[in-house]
Structures are given as structure tokens and as C-alpha cells.
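Summary of structural features
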Amino acid sequence: MRRNDREITDKALIEQFIAKEQIIRIAFNDNGDLYIVPVNYGYIYENEKYIFYFHGAKAGRKYKLSKSSPNVGFEIDGVYELLEADVACDYSAKFQSVIGTGRLSIVEDDEEKIKGLNTFMNHISGKSEWSYSKEMVDAVAVFRLEVDKLSCKSK
């Protein structure tokens, strides 16, 4: 990180930020073409590692790239506030962001799919226990992003 004075290394502050936000952007390399998709997420923080879960269709570009190009980048941003000024070049903004890399996989095991869906639903709703029919579990793709590297920045 170029601006070390803006880096956040306190793990509790990083987790507070991730817990508060709702959208993660996943960046794929599609044979030299970049593809970025925003998704809602849920996460688990275990053994000093983040695992993000999100869901989607069992078809489409995100699904195909998850299989063929599983090494991804990701970004979460928020806490945005515009800082106005009298001179255009003096405008600035306050923000916080997390960026990183990881390995994306599609969850095949029904038990882990339900765990991932409950993790996701807990993050967006605050409710941790949900019921899913076998048809629902079979119909949805659950994605698991295991984080390799992560950094957090704030201004």
C-alpha cells in the first residue's frame, strides 16, 4: 500500500467494516478481459481467515468464470463522505475500503451450501436460521471465496 498512514491493520476494525457493508465486488480475469460483478455477501472469520459466501444462478458468466478462472480479486467500499472545497482540486472524500485476492469455488455439498446460504442470509437480514427445500438448494449456486490476501484503507 502506497499510503501506509491510511492503512488499517486492527483486525477488529476491519471486521466491523466488513460486517457493516453489504456489497462485495468480485473481479475475474476472462482471458485478458476483466469482468467485475457486485454481489451481496455473508462471511465467516475463522482462524485468521475470511471466507465470503454469495449465491447466484447455475448459469451465466460469473458461474462459468468461477469454474475456469477461480483466482479472483475483490473489493468492498463504504463510509463515503464528500469533502467539499472552494477550489476543484481541493475536493476530496472520506472512505474505507478492503481489497484482496482469493480463490473462488462453487459449493457442491448440500450441507455446506446451507451453511453458506445461512451465512449470507444472516449478514443481510440478521436472522441466522432459515429453511430451504431440496429443490431450492439444488437450484441455486453457492459460491465460496477463500481470502488469500486482504488489506484495508481509510481516509
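Because the structure is predicted, anything quoted here is derived from the model rather than measured.

1. Some thoughts on the overall build of the protein
Along the protein, the regular secondary structure elements total four helices and eight strands. For the protein, the α and β elements follow one another from N to C terminus as β-α-β-β-β-β-α-β-β-α-α-β. For the C-alpha atoms alone, the extent of the protein along its principal axes is close to 60 × 40 × 30 Å. Here the protein holds 155 residues, and the buried ones make up 37% of them. Of the contacts formed within the protein by residues at least 6 apart in sequence, a portion of 71% connects residues at least 24 apart. Computed over 22 positive and 25 negative side-chain charges, the separation of the two mean positions in the protein equals 3 Å.

2. Details of the nonpolar core
Ranked by size, the top nonpolar core spans 27 residues in total, and within it Ile18, Ile24, Ile26 and Phe52 carry the most contacts. Listing elements by their share of this core, those giving two or more residues are helix H1 (11-20), strand E2 (23-30), strand E3 (33-40), strand E5 (49-56), helix H2 (61-68), strand E6 (71-83), strand E7 (92-107) and strand E8 (141-154). Ignoring any residue separated from it by four or fewer positions in sequence, one finds Ile24 in contact with Val37, Pro38, Val39, Tyr41, Phe52, Phe74, Glu75, Ile76 and Leu145. Core analysis: the second largest hydrophobic core is formed by seven residues, Ile51, Tyr53, Val107 and Leu117 among them.

3. Looking at helix H3 (residues 110-125)
Its 16 residues give H3 an end-to-end C-alpha distance of 22 Å, which sits within 8% of 22 Å, the value for a rise of 1.5 Å per residue. Taken together, the buried positions of H3 are Lys113, Gly116, Leu117, Asn118, Thr119, Phe120 and His123. Positive phi appears at Gly126, one or two residues downstream of H3, with a value of about 85 degrees.

4. Some words on the environment of Lys153
When you line up the elements, Lys153 lands in strand E8. Placed 56 residues apart in sequence, Lys153 and Ser97 show a C-alpha to C-alpha distance of 5.4 Å.

5. Details of the side chain of His123
Inspection of the secondary structure puts His123 in helix H3. On the basis of relative accessibility, which here comes to 14%, the residue His123 falls in the buried class. From its side chain, His123 meets the backbone oxygen of Glu21 in a polar contact 2.7 Å long. When neighbours within four sequence positions are excluded, His123 is seen to be in contact with Ile18, Ala19, Glu21, Gln22, Tyr41, Gly42 and Tyr43.

What counts, and at which threshold
Residues numbered from 1 in each chain as written. Predicted model: local features only at pLDDT ≥ 70, side-chain atom pairs only at ≥ 80, totals over all residues. Heavy atoms only, no water. Helix = DSSP H or I, 4+ residues; strand = E, 2+ residues; numbered from the N terminus. Buried < 20%, exposed > 50% of the residue type's maximum accessible area, 1.4 Å probe, protein only. Contact = heavy atoms within 4.5 Å. Lys, Arg positive; Asp, Glu negative; His and termini not counted. Charge placed at Lys NZ, Arg CZ, Asp CG, Glu CD. Core = buried A, V, L, I, M, F, W, Y, C linked by side-chain atoms within 4.5 Å. Expected span 1.5 Å × (residues − 1). Polar contact = N/O pair within 3.5 Å; in protein donor to acceptor, adjacent residues only side chain to side chain.

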